[in-house]
Amino acid sequence: MVAALFSFQILVALYLQQVLGHGAAATGLAMLPAAAVIGVVSLGVSARLSARFGDRNVLLLGIVLLIGMLGLLTRLPVHAHYAVDLLPVMLLAAGFGLALPALTTLGMSGAGEEDAGLASGLFNTTQQIGMATGVAVLSTLAASRTDTLLAGGHSRAEALTGGYHLAFTVGTGLLVAAFLVAFTVLRRPEHAAGTPSV
């Protein structure tokens, strides 16, 4: 999951700069709504939803929002309009704020006090490896597709957009797989407890 999520930030920034021609400041401002909504949701909403509906359900909801986010990115045009094509993507980044806290809680839930440090280190290391691998793989796919389209006579902007489309499509597939794994593997609390209801 993190492989797709953290690649989003880099690839969207590259799209804004290389395709739409934004400078560094304009790119940062364009992505500011995503950072704001992630902060608000992770700090003010995620814990309350987890307390009411459970971490599993919040994680699944977050992944669904992120699938929608990357799904929209697979349709980015060469000449995008921010309010129509990009702002909805930034708002759907709320899925980050739901999924990551829930994932962290679930990742640490099985560790006892004596194993908490080891489990935390393993969890964070796994996330870092996933991030680095995701960025490397999806960026490579995007670059390869871009080169193919350039060789076929497409303009640079069209080729770059096509490359990003491929990366976002693969990222969407990774998130769908993450949803299926989470839905299948993570047990509901009532099943995990193993105690019959009376």
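Asker: Quick question: what am I supposed to make of the overall build of the protein here?
Answerer: Assigned secondary structure in the protein consists of eight helices and zero strands. Mapped in sequence order, the helices and strands of the protein form the string α-α-α-α-α-α-α-α. Here the contacts in the protein between residues at least 6 apart in sequence split such that 78% fall between residues at least 24 apart. With the model as given, the accessible surface of the protein reaches about 10500 Å², and the carbon-plus-sulfur share is 67%.

Asker: What is the right way to look at the packing of helix 3 (residues 55-73) against helix 5 (residues 94-108) in this model?
Answerer: At a closest axis distance of 7 Å, the pairing of helix 3 and helix 5 adopts a crossing angle of 145°. Of the two possible hands of crossing, helix 3 and helix 5 adopt the one that is left-handed. Packed against helix 3, whose contacting residues are D55, R56, V58, L59, L61, G62, I63, L65, L66 and M69, the element helix 5 presents A94, G95, F96, L98, A99, A102, L103, T105 and L106 at the interface. The class makeup of the residues in the contact of helix 3 with helix 5 is 14 nonpolar, three polar and two charged.

Asker: Honestly, the side chain of S7 in this entry has me stumped. Any pointers?
Answerer: By the secondary structure assignment, S7 is in helix 1 (residues 2-19). We classify S7 as buried; its relative accessible area is 2%. Not counting residues within four places of it along the chain, the set of residues in contact with S7 comprises G134, V135 and L138.

Asker: What is the right way to look at the packing of helix 2 (residues 24-53) against helix 4 (residues 82-92) in this model?
Answerer: If you want to describe how two helices pack, look at the angle between their axes and the distance between the axes. Between helix 2 and helix 4, whose axes approach to 8 Å, the crossing angle comes to 25°. Viewed along their axes, helix 2 and helix 4 adopt a mutual orientation that is roughly parallel. In the crossing of helix 2 with helix 4, the sense of the turn from one axis to the other is right-handed. Residue-level contacts link A30, M31, P33, A34 and V37 of helix 2 to Y82, L87, M90 and L91 of helix 4. Its residues placed into classes, the contact of helix 2 with helix 4 shows nine nonpolar, no polar and no charged.

Asker: Looking at this structure, I do not really get the packing of aromatic side chains. What am I missing?
Answerer: Two aromatic rings, taken as a pair, are described by how far apart their centres are and by the angle between their planes. Overall, the coordinates contain three aromatic pairs when judged by the stated rule. Ring geometry for Y15 versus Y164: centroids 6.4 Å apart, planes at 80°, classification edge-to-face. Pair noted here: Y15 is in helix 1 and Y164 is in helix 7 (residues 156-185), with a separation of 149 residues, a long-range link. Given a relative accessible area of 1%, Y15 falls into the buried group. Its relative accessible area of 5% is what places Y164 among the buried residues. Consider the rings of F179 and F183, whose centres lie 6.1 Å apart with planes at 15°: the pair is stacked.

Asker: What should I look at first to understand the confidence of the model for the protein in this one?
Answerer: Any segment with low pLDDT has predicted coordinates that should not be analysed in fine detail. Residues with a pLDDT of 70 or more make up 90% of the protein, whose mean pLDDT is 88. Low pLDDT (under 50) marks residues 190-198, which in the prediction has one contact with non-local residues, meaning those over four places away or in another chain.

Rules used in this analysis
Residues numbered from 1 in each chain as written. Predicted model: local features only at pLDDT ≥ 70, side-chain atom pairs only at ≥ 80, totals over all residues. Heavy atoms only, no water. Helix = DSSP H or I, 4+ residues; strand = E, 2+ residues; numbered from the N terminus. Contact = heavy atoms within 4.5 Å. Areas by Shrake-Rupley, 256 points an atom, 1.4 Å probe, with all protein chains shown as cover. Axes fitted to C-alpha atoms, helices over the stretch in contact; angles between N-to-C directions. Left-handed = near helix turned anticlockwise from the far one by under 90°. Nonpolar A, V, L, I, M, F, W, Y, C, P; charged D, E, K, R; others polar. Buried < 20%, exposed > 50% of the residue type's maximum accessible area, 1.4 Å probe, protein only. Parallel < 35°, antiparallel > 145°, perpendicular 65-115°, else oblique. Phe/Tyr/Trp six-rings, centres within 6.5 Å; stacked < 30°, edge-to-face > 60°. pLDDT = per-residue confidence, 0-100.

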